[in-house]
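Chain by chain, the residues run as shown.
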Amino acid sequence: MKLGYPVINLGLGVTSSHTFRLALLSEEKLFNIVRKNLDALEETVRWNIEHNLLFYRISSNLIPFASHLNMDIAWQTKFAPDLARIGQYIKDNHMRISMHPGQFVVINSPNGSVYANSVRELQYHADILDLLQLDSTHKIQFHLGGLHGDAEGSREVFIQRYNALSDAIRSRLVIENDERFASVQECFELSKRCGIPVLFDTLHHEVKNDGETILAGLKKAMSTWGETNGIPMIDYSNQNPYKRVGAHAETIDVEKFRSFVRSLKGKDIDIMFEIKNKEASALQAQIVLEGVRKIF
DNA sequence: GGAAGTCAAGTCTCG
DNA sequence: CGAGACTTGACTTCC
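Residues numbered from 1 in each chain as written. Chains lettered and ligands numbered in written order. Predicted model: local features only at pLDDT ≥ 70, side-chain atom pairs only at ≥ 80, totals over all residues. Heavy atoms only, no water.

A. Broad picture of the overall build of chain A. Secondary structure summary: chain A contains ten helices and eight strands in total. For 296 residues, the compact-globule estimate of 2.2 N^0.38 gives 19 Å, and chain A sits close to it at 19 Å. Dimensions along the principal axes, computed over C-alpha positions, put chain A at roughly 55 × 45 × 40 Å. Going through the 296 residues of chain A one by one, you find that 51% of them count as buried. Within chain A, contacts between residues separated by at least 24 positions form 78% of all contacts whose residues are at least 6 apart in sequence. Total accessible area on chain A is roughly 13,100 Å²; 52% of this is exposed by carbon and sulfur atoms. Charged side chains of chain A number 34 positive and 36 negative; the gap between the two group centres comes to 2 Å. (Helix = DSSP H or I, 4+ residues; strand = E, 2+ residues; numbered from the N terminus. Rg over C-alpha atoms; globule rule 2.2 N^0.38 Å. Buried < 20%, exposed > 50% of the residue type's maximum accessible area, 1.4 Å probe, protein only. Contact = heavy atoms within 4.5 Å. Areas by Shrake-Rupley, 256 points an atom, 1.4 Å probe, with all protein chains shown as cover. Lys, Arg positive; Asp, Glu negative; His and termini not counted. Charge placed at Lys NZ, Arg CZ, Asp CG, Glu CD.)

B. Main features of the protein's contact with DNA strand B. By nearness alone, 15 residues border DNA strand B, and R21, L22, F104, S109 and H148 come closest of all. Sugar and phosphate atoms constitute 44% of the interface atoms of DNA strand B, taking the interface as everything within 4 Å of the protein. Between DNA strand B and R180 there is a distance of 3.5 Å, counted from a base oxygen to a side-chain nitrogen or oxygen. Here the residues of the surface near DNA strand B are counted per class, giving six nonpolar, six polar and three charged. (Near = heavy atom within 4 Å. Polar contact = N/O pair within 3.5 Å; in protein donor to acceptor, adjacent residues only side chain to side chain. Nonpolar A, V, L, I, M, F, W, Y, C, P; charged D, E, K, R; others polar.)

C. Up close: the sheet that holds strand β2 (residues 55–58). Strand order in the closed barrel made by the eight strands is β1-β2-β3-β4-β5-β6-β7-β8, with parallel pairing throughout. Geometrically, the sheet is characterised by an average inter-axis angle of 30° between neighbouring strands, direction not taken into account. In terms of strand pairing, strand β1 (residues 3–6) meets β2 through three bridges, oriented parallel. Among the inter-strand pairings, G4 is bridged to a residue of β2, identified as F55. Sitting on the sheet, helix α1 (residues 27–50) is in contact with β1 and β2, with an inclination near 165° to β2. Packing against the sheet, helix α3 (residues 112–131) makes contact with β3 (96–99), β4 (139–142) and β5 (173–176), and its axis sits at approximately 155° to β4. (Pairing = 2+ DSSP bridges. Axes fitted to C-alpha atoms, helices over the stretch in contact; angles between N-to-C directions.)

D. Quick peek at the packing of α1 against helix α2 (residues 75–92). Packing of α1 against α2 brings their axes to within 11 Å, and their N-to-C directions diverge by 5°. Classified by the interaxial angle, the pair formed by α1 and α2 is roughly parallel. Contact residues: L30, F31, V34, R35, L38, L41, E42, V45, R46 and I49 in α1; W75, K78, F79, D82, L83, R85, I86, Y89 and I90 in α2. Broken down by class, the residue content of the contact of α1 with α2 amounts to 13 nonpolar, no polar and six charged. (Parallel < 35°, antiparallel > 145°, perpendicular 65-115°, else oblique.)

E. Here's a closer look at the nonpolar core. In this structure, W75, F257 and F273 are the most contacted members of the largest nonpolar core, which totals 76 residues. Ranked by residue count, the leading element in this core is α1, at nine residues. With near-sequence residues (within four places) excluded, F273 lies in contact with L3, G4, Y5, P6, Y236, I252, F257, A282 and A285. (Core = buried A, V, L, I, M, F, W, Y, C linked by side-chain atoms within 4.5 Å.)

F. Fine view of the environment of N93. Along the polypeptide, N93 turns up in the loop between α2 and β3. Residue N93 is classed as partly exposed on the basis of its relative accessible area of 24%. If we ignore the near neighbours within four places in the chain, the residues touching N93 are I49 and L54. From its side chain, N93 meets the backbone oxygen of Y89 in a polar contact 2.8 Å long.

G. Molecular detail of the pairing of β1. Taking every second residue as pointing to the same face, both faces of β1 are buried, with L3 and Y5 on one and G4 and P6 on the other. As paired strands, β1 and strand β8 (residues 270–273) are joined by two bridges and run parallel to one another. Counted as the bridge partner of G4 is M272 from β8. Following the backbone out of β1, through α1 and into the adjacent parallel β2, one traces a crossover that is right-handed. (Right-handed = clockwise from strand over helix to strand, strands pointing away.)

On their own, these measurements won't tell you what the molecule is for.
Structure follows, in structure tokens:
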């Protein structure tokens, strides 16, 4: 079981999400910013390894405008050696990586340019993981996009478009239950039709479900992960008591996490803490996990 | 240095 | 019909 947090380490004082305005796009600008982002990435990965947080989500902003139509700069060639070095460090330390493209990736969109942009964006994410030389257990998680007024039709389009993706992309893609369009049951049914693994999100499941418990939803999602996909990944969060339904908590609810871990009864999953205070919650969770392991 | 406005991109819900 | 929400604020301008 590996624990981690997404993208930014709040205590470290660096970020791998530096960007710039599209109007300023040039080779020099891009290379300078990407250099900063890669340095920050390496520093963050090192910190994570030192703290035994071996699950980490890399920023989609690592290479700004990477999938933009006007992008004709060969960043892949330029940064291949750096990414290979960082990837080797990741592999040497048995770290696992995920990525999560933004809401602009909607492969089932009825708008052809949205679809084309989505494929380019997914290709960019796959390129990063390929250049890190990580195998297909390192995943790209995304959602079913909008339903566009026709839920069944949009799922049909999703299956077709998913099947048409290159192996390089498809072998890394996993679908995450969301709080509006696709419950874990609906993701599970998509998985039965096209084989995509289902990444379970605990908070989304609390907001949208079909009556299953967290554990039942988790089991359903876990059953979709085959050998080549590695140990099932999940996103773990708590409801923010002061904000709208579905808003992520500022801090982890330690007791709730303890009872969740106990309920797992030894099931092996990798857990990403989507909690606002980032690495602080992941470290607290680690202490909980060590305590539970001593008991069992 | 800090506050406010802006930034590639989609889709839906709410007020 | 515009704002706000989403895995994630960062950059730029203005004072």
